[in-house]
Amino acid sequence: MQYWIIQSLNSLALGGLLFLLAAGFSLIFGLMRIANLTHGSLYMLGAYAGATLLAPRPQSLKVFQYFPQVPSIWIAALLGGAFLAVLGGLLERLILRKLAGNALGQVLVTLGISFIVADFCLIVWGGDPISIPTPEALRQPLQVAGLSFPAYRLVVVAIAVVTAAVLYLMMERTRLGAMIRAGVDDMQMARAVGIPVSKLFTTVFCIGAALAGAGGVIGGPIMSAYPGLDADMLPLALIVVILGGIGSLLGAFVGSFLIGAIYTFGTALVPDLAYVILFLPMIVVIAFRPRGLFGRQTV
Amino acid sequence: MKKGAWILLAVALAGLPWVAGEFYVNLTSQIFIAAIFAASLNLLVGYGGLPSLGHASWLGLAAYISAWMSLKLGLGHWITAPVALLGTTLVACAFGWISLRATGLGFLMITLALSQVLWGTAYRWVSVTDGDNGLRGLTRPMPFGISLDGATSFYYFTLAITVVAIVVMAMFVASPFGAALRGTRDQPRRMGALGHAVWTVRWITFVYSAFWGAVSGLLFVYYNKYIHPASLSITTSAEALLGVIAGGSGTLAGPIVGAAIVMLLKNYVSAYVERWNMLMGFVFVLIVIFMPEGVVPGVKRLARRFGRRKPE
């Protein structure tokens, strides 16, 4: 029983982290038609930023000398998110903007940048995983009815749900959200009625990058920061988006928890073939509903 | 003049092992393998307009099947090679069916996701793939009793297969089917209206391109006598795509030139700096921004301009 509770919470926590990653990816793809392959790298940069700000000192790596240790993971998550929002904005403005209309070129550039980031992280943070300590207050598992629940994972799930609610309200209730929805549905009409599409692009890209970065920090105590984290997370995010539907927040939400569950339980039950099991939902969805569960556009 | 260039090229390739040292012979063999791989990807990307980021699947899958059969089942090359090609092609039938539900970026994302799934499986299915250790202790085949363990004999073996592969792929492109394929790239709806089965044309191309990818995978595993999950990684797919785009997609010579450039860069630069991935990233960004058409069309255009200016 205890084992299954832990696994369920693990799957929920992974689902929550995936949502932070996939929501941004999905919005960026839906609005700008950019398959942002740096999204895994942004997540990894977030994780390393969190490790740099949170890891207990002294550390042998040089990078730790330049940054002070911050007292709380939430501050680190905010800083990491802000840092990646800036980085994402620069990426969009300085590089992707130059290739507007050239979808393949944009994908290839993001692919190239993801290689650069991966090697950059290897140079700066070395090849060994850096673990991020779980916040002091959340180390004790929660005891309910004689069963213990790891507290930090519960908090991660709560953060994801709150983020989803905030994003939902933003999309449905604010002017910005209405403009994004208009852009996702019909870019040309959106331009024609005077929506500042250019600003919108940068804003959405910044939001997506910030979510990925903050996700990396928050996921740190669970996954730690290691080289290859980007390559582990990106395919999961891709599958989530293919499954949930492009540009759909609800799709990203449902898809994330679905993939989180499949991946976690797959790893627990058939560790060898966990990755093959990821195929199945994708094949089913693509075969019967190519636009994804909640998508409006075909992939 | 054109004939002369071909003869010169043939003589140069045939005579290389007599002039060059073992290092260069091996390097050229590797370029040949990369050239087949890139050329097969070019069928999809260049002629079909279907950007795939999962081509490493075919190289890795064929290599793994062949390696697994000879190591764990103890079978000879005469049976492992055809089974590897057949198995890979069958998987490609299924992958193609899934990925071609979409075109454009969707296609790219699905091929990437599928190949990443294979990559992750190769890492984790330790009982079959030996995980991160890779499968080692493989041998090269001995066609007609000739040992391929020497650099020179393997060079000629690879050269022969490369020539066959490139010629057959060129015939494929020049055939009516190739014309239909280019039609589906440029005007899919018109092609559909004209009665061409657009989806089927694309699917056949997908499978065909995977077959040649598998051929290069066999050569790859023969050359290295070792296979590691890294061969299935996005880096391998990206290297091939970089070769295609750097050389010029949708041209016959482009991917070959591109693959050679990538392979030379990789070998020479890796001797001085460890950061091959970072360098590849920069090359990617620079090529896409400054030379989106690729080297071969770029040089052709320059040559045309140069040729036109001369008589003035």
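Asker: Any chance you could explain the overall build of chain B here in plain terms?
Answerer: A count of helices and strands for chain B gives 14 helices and two strands. Taken over C-alpha atoms, the radius of gyration comes to 20 Å for chain B, in line with the 20 Å a tight globule of 312 residues would show. Seen through its C-alpha atoms, chain B measures out along the principal axes to roughly 65 × 50 × 40 Å. Residues counted as buried form 47% of the 312 residues belonging to chain B. In chain B, once contacts between residues fewer than 6 apart in sequence are set aside, the share between residues at least 24 apart is 75%.

Asker: Can you walk me through the overall build of chain A in this structure?
Answerer: Secondary structure assignment for chain A yields twelve helices and two strands. In terms of C-alpha radius of gyration, chain A reaches 19 Å, essentially the compact-globule figure of 19 Å for 299 residues. Structurally, chain A occupies a C-alpha span of about 55 × 45 × 35 Å along its principal axes. Considering chain A as a whole, with its 299 residues, one finds that 53% of them fall into the buried category. Of all intrachain contacts in chain A linking residues separated by at least 6 positions in sequence, the fraction that spans at least 24 positions is 76%.

Asker: Please explain the interface of chain B and chain A as it appears in this structure.
Answerer: As a measure of interface size, the accessible area lost when the parts come together is often cited. On the side of chain A, 36 residues touch chain B, which itself brings 34 residues to the contact. Elements represented by at least two residues in the side of chain B that touches chain A include exactly α5 (104–124), α6 (126–129), α11 (234–247) and α13 (276–290) of chain B. Residue contributions to the side of chain B that touches chain A peak at 13 residues, all from α5(B). Here the side of chain B that touches chain A is composed, by residue class, of 23 nonpolar, eight polar and three charged.

Asker: For this particular structure, what's the right way to read helix α10 (residues 198–224) of chain B?
Answerer: Because each turn of an α-helix spans 3.6 residues, side chains separated by three or four positions in sequence point in the same direction. All names here are of chain B. For α10, with 27 residues, the first-to-last C-alpha span of 39 Å sits near the 39 Å given by 1.5 Å per residue. Here α10 lies mainly inside the structure; 20 of its 27 residues are buried. In the segment just after α10, K225 is the residue with positive phi, at about 55 degrees.

Asker: For this particular structure, what's the right way to read unusual backbone geometry?
Answerer: Most peptide bonds take the trans form, and the phi angle of most residues other than glycine is negative. Residues and elements named next belong to chain A. At S224, a position not held by glycine, the phi torsion is positive, near 60 degrees. Inspection of the secondary structure puts S224 in the loop between α9 (197–223) and α10 (229–244). A count of 16 C-beta atoms within 10 Å places S224 in the partly exposed class.

Asker: I keep staring at the confidence of the model for chain B and nothing clicks. Help me out?
Answerer: Parts of the prediction with low pLDDT should not have their coordinates interpreted in detail. Residues and elements named next belong to chain B. On average, residues of chain B score 86 in pLDDT, and 98% of them reach the 70 mark or higher. Within chain B, α10 carries the highest mean pLDDT (93), whereas helix α14 (residues 295–309) carries the lowest (73). This complex was scored by the predictor with a pTM of 0.86 and an ipTM of 0.80.

Asker: Would you mind showing me how to read the packing of helix α1 (residues 2–32) of chain A against helix α6 (residues 151–173) of chain A here?
Answerer: Packed helix pairs are characterised by how far apart their axes lie and by the angle those axes make with each other. Residues and elements named next belong to chain A. For the pair α1 and α6, the least separation of the axes is 8 Å and the interaxial angle reads 35 degrees. The chirality of how α1 crosses α6 is left-handed. Contacts between α1 and α6 involve L9, N10, L12, A13, G16, L17, F19, L20 and A23 on the former and, on the latter, R153, L154, V156, V157, I159, A160, T163, A164 and L167. Among the residues making up the contact of α1 with α6, the classes are represented as 14 nonpolar, three polar and one charged.

Asker: How should α10(A) be read in this particular structure?
Answerer: All names here are of chain A. Compared with the 22 Å implied by 1.5 Å per residue over 16 residues, the 22 Å span of α10 between its first and last C-alpha is a close match. In terms of burial, α10 is a largely internal element, 14 of the 16 residues being buried. Of the residues one or two after α10, G245 is the one with positive phi, at around 105 degrees.

Each value, and the rule that gives it
Residues numbered from 1 in each chain as written. Chains lettered and ligands numbered in written order. Predicted model: local features only at pLDDT ≥ 70, side-chain atom pairs only at ≥ 80, totals over all residues. Helix = DSSP H or I, 4+ residues; strand = E, 2+ residues; numbered from the N terminus. Rg over C-alpha atoms; globule rule 2.2 N^0.38 Å. Buried ≥ 20, exposed ≤ 12 C-beta atoms within 10 Å, placed from the backbone. Contact = placed C-beta atoms within 7 Å. Nonpolar A, V, L, I, M, F, W, Y, C, P; charged D, E, K, R; others polar. Expected span 1.5 Å × (residues − 1). pLDDT = per-residue confidence, 0-100. Axes fitted to C-alpha atoms, helices over the stretch in contact; angles between N-to-C directions. Left-handed = near helix turned anticlockwise from the far one by under 90°.

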